[in-house]
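# Architecture at a glance
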Amino acid sequence: MRLTARVWGMAALAAALWFVIGLVQRTRAGAALADAAVAELPLTLAVFGIAVIWTLLRQGRNR
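The notes below deal with the structure included here. In this text the structure is predicted, and so the values were computed from the model without any measurement. (Residues numbered from 1 in each chain as written. Predicted model: local features only at pLDDT ≥ 70, side-chain atom pairs only at ≥ 80, totals over all residues. Heavy atoms only, no water.)

## Some words on a nonpolar patch on the surface
- On the surface, Met-1, Ile-53 and Leu-57 cluster together to form a nonpolar patch covering roughly 350 Å² of accessible area.
- Here Leu-57 shows up in helix H2 (residues 33-61).
- For Leu-57, a relative accessible area of 52% translates into the label exposed. (Patch = residues over 30% accessible without salt bridge, like charges linked within 9 Å, V, L, I, M, F, W, Y side chains within 5 Å. Areas by Shrake-Rupley, 256 points an atom, 1.4 Å probe, with all protein chains shown as cover. Salt bridge = Lys/Arg side-chain N within 4 Å of Asp/Glu carboxyl O. Helix = DSSP H or I, 4+ residues; strand = E, 2+ residues; numbered from the N terminus. Buried < 20%, exposed > 50% of the residue type's maximum accessible area, 1.4 Å probe, protein only.)

## Let's talk about the nonpolar core
- Residues Val-7, Ala-11, Ala-51, Val-52 and Leu-56 constitute the largest nonpolar core, which totals five residues.
- Within the residue set of this core, elements represented by two or more residues are helix H1 (5-28) and H2.
- Among the elements that take part in this core, H2 stands out by supplying three residues, more than any other.
- Contacts of Ala-51, omitting those with residues within four sequence positions, involve Ala-11 and Ala-14. (Core = buried A, V, L, I, M, F, W, Y, C linked by side-chain atoms within 4.5 Å. Contact = heavy atoms within 4.5 Å.)

## Details of the pattern of salt bridges
- Going through the model one piece at a time under the given rule, you end up with one salt bridge.
- The closest approach of N and O atoms between Arg-26 and Glu-40, which form a salt bridge, is 2.5 Å. Placement of Arg-26 in helix H1 and of Glu-40 in helix H2 is noted, with a sequence separation of 14 residues between them.
- On the accessibility criterion, Glu-40 (5% relative accessible area) is buried.

## Focus on the packing of aromatic side chains
- Going through the model one piece at a time under the given rule, you end up with one aromatic pair.
- Residues Trp-8 and Phe-48 carry aromatic rings whose centres are separated by 5.9 Å and whose planes lie at 20° to one another, so their mutual orientation is stacked. With Trp-8 in helix H1 and Phe-48 in helix H2, this residue pair connects regions lying 40 residues apart in the sequence. (Phe/Tyr/Trp six-rings, centres within 6.5 Å; stacked < 30°, edge-to-face > 60°.)

Take a look at the structure:
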């Protein structure tokens, strides 16, 4: 299993989607934009890591 550009790209896409959705939800609930962004960062990093692992596992299974 290799960390290719596809793996990084899919993980970044998943993390960006998670971040934007969380940011919208928190700002609609009344949080300030900066506070919402800081609050979303830890989970966004976790989603990124999980997405890297998930993509690697899927690549290994499809070979």
